[in-house]
Amino acid sequence: MVPAIFGLSGHVLTADEAAFFRDADPAGYILFGRNVADRAQLRALTDALRDLHGRDDLFICIDQEGGRVARMKPPVWPAYPPGEVFDRLYDHAPATAIEAARANGEALGLDLAQAGITVDCHPSLDVRQTGAHDVIGDRAFGHDPMRVAALGRATLDGLARAGVVGCIKHIPGHGRAMADSHKELPTVTASAEELEVDLRPFRTLAHAPIGMTAHVRYTAWDADNPGTLSPFVVQEIIRGRIGFDGLLLTDDLDMEALSGSVPERAARAIAAGCDIALNCWAKMDDMVGIAKVLPTITPEACARLERAMASCPEGAGTGDHAALIARREALLAQGVA
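Residues numbered from 1 in each chain as written. Predicted model: local features only at pLDDT ≥ 70, side-chain atom pairs only at ≥ 80, totals over all residues. Heavy atoms only, no water.

### Looking at the overall build of the chain
To be explicit about the condition: Secondary structure is summarised from DSSP: a helix means a run of H or I of at least four residues, a strand means a run of E of at least two, and numbering begins at the N terminus for each. This radius of gyration counts C-alpha atoms alone. The globule rule is 2.2 Å times how many residues there are, raised to the power 0.38. The rule is simple: take the accessible area with a 1.4 Å probe, protein chains only, and divide by the maximum for that residue type; under 20% is buried, over 50% is exposed, in between is partly exposed. Any two residues whose heavy atoms approach within 4.5 Å are treated as being in contact. Each accessible area is a Shrake-Rupley estimate made with a 1.4 Å probe; only the visible protein chains count as cover when residues are assessed. When charges are counted, neither His nor the chain ends are considered; positive counts come from Lys and Arg and negative counts from Asp and Glu. To locate a charge, take NZ of a lysine, CZ of an arginine, CG of an aspartate or CD of a glutamate.
Within the chain, the secondary structure is distributed over 11 helices and 12 strands. Relative to the globule expectation of 20 Å for 337 residues, the C-alpha radius of gyration of the chain, 19 Å, shows essentially globular dimensions. With the principal axes as the frame, the chain shows a C-alpha extent of 60 × 50 × 30 Å. Classification of the 337 residues of the chain by burial places 58% in the buried group. Considering only contacts within the chain whose residues lie at least 6 apart along the sequence, 77% involve residues at least 24 apart. Here the chain displays about 12,800 Å² of accessible surface, and carbon together with sulfur accounts for 51% of that area. Across the chain, the 32 positively charged side chains and the 46 negatively charged ones have centroids separated by 2 Å.

### Side note on the environment of phenylalanine 21
For phenylalanine 21, the location among the structural elements is in helix α1 (residues 15–24). Measuring from C-alpha to C-alpha, the distance between phenylalanine 21 and glutamine 41 comes to 20 Å, with 20 residues separating the pair along the chain. In this view, phenylalanine 21 contacts Phe6, Gly7, Leu8, Leu13, Pro26, Tyr29, Leu52, His53 and Met287; residues no more than four positions away in its chain are not counted.

### Some points on the nonpolar core
A general trend in soluble globular proteins is that nonpolar side chains are found buried together. What counts is decided by this rule: Here, nonpolar core means buried Ala, Val, Leu, Ile, Met, Phe, Trp, Tyr and Cys residues that are tied together by side-chain atoms lying within 4.5 Å of each other.
Core analysis: the largest hydrophobic core is formed by 85 residues, its most contacted members being Phe21, Met72 and Ile117. Examining the composition of this core, we find that eight residues originate from one element, helix α4 (residues 94–114), more than from any other.

### Quick look at the pairing of strand β9 (residues 210–213)
Side-chain positions along a regular strand alternate between the two faces of the sheet. Where we set the bar: Strand pairing is defined by DSSP finding a minimum of two bridges between the two strands.
Burial of β9 is two-sided: the residues Ile210 and Met212 facing one way and the residues Gly211 and Thr213 facing the other way are all buried. Sheet topology note: the strand β7 (residues 165–171)/β9 ladder contains four bridges and is parallel. Looking across to β9, one finds that isoleucine 168 is bridged to glycine 211. Bridge count between β9 and strand β11 (residues 247–249): three bridges; the pairing is parallel. Residue pairing across strands places methionine 212 opposite leucine 249, the latter belonging to β11.

### Here's the deal with the sheet that holds strand β1 (residues 2–7)
Strands belonging to one sheet form pairs held by backbone hydrogen bonds; the direction of such a pair is parallel or antiparallel. A sheet is described by the order of its strands in space; here eight strands give the open sequence β11-β9-β7-β6-β3-β2-β1-β12, paired in parallel fashion. Since the sheet does not close on itself, it has two edges, and those belong to β11 and β12 (277–279), each with one partner.

Structure (structure tokens):
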């Protein structure tokens, strides 16, 4: 198995993609808006991926947070609120906000499970910082680490109840970034002591089955390399100080925060200690290059992958979607009253 997650070019698998994926046997796949048309099409696409590998628990992920980060959109699928909505409710009704986040996560997860999607790249545990770039912004669950962890935990629980595995991001924290890592490499100059604030939600939820790195350079830890490519950040901070032992994905290796060819980035990330290289844009040359340069997935990474995909409770996915949405709306309304 190649320790990579690959993207797809359109609404159906092309013959070239099917042949390459069957031969390369990547760890999983990621879907974007370009892969999504309607319920029947999306389910047929995810079924086609499962058929390639003969694995019902195949890792098929998507970025479906709510708010401005949503690949499955109205009118086919309902809109979901961003993290900021639950943060505002938490101001005066913490328990209500936590329950609303849990109901929201389960309803969202049921939409994904029906589509055959097994992993959501959500929740963000980035601690929001005043004055930082809004690439995180209203996606965050707030400025307080305890609140971020509580709402993040509720979201993970809700997704799991729906039979979908959540992925915490962006370890060890993107909230201080003054630039968008999709466009350039952010450099965070906060001290190691200050960065403890960013680590707290991830440390609290270090048991999460899957996590995603940040393409951010933290000068207190590694003045030369972004977190994704830094052995010190991956091994000493993420695995060590945070204590995260789940499956560790890179953020998208096509992002402009990183330099070098995409296969070179993938090789550096795996060498730094990441378990899986995430390559989103379905460029065949890049995917073939990644498959050529990466070693076979390690036994440790394979075990983490298997553990993550088996982490949802028995009987998951039986919730009533309409009732969950109604409950979320009733709870959120308490914050307006």
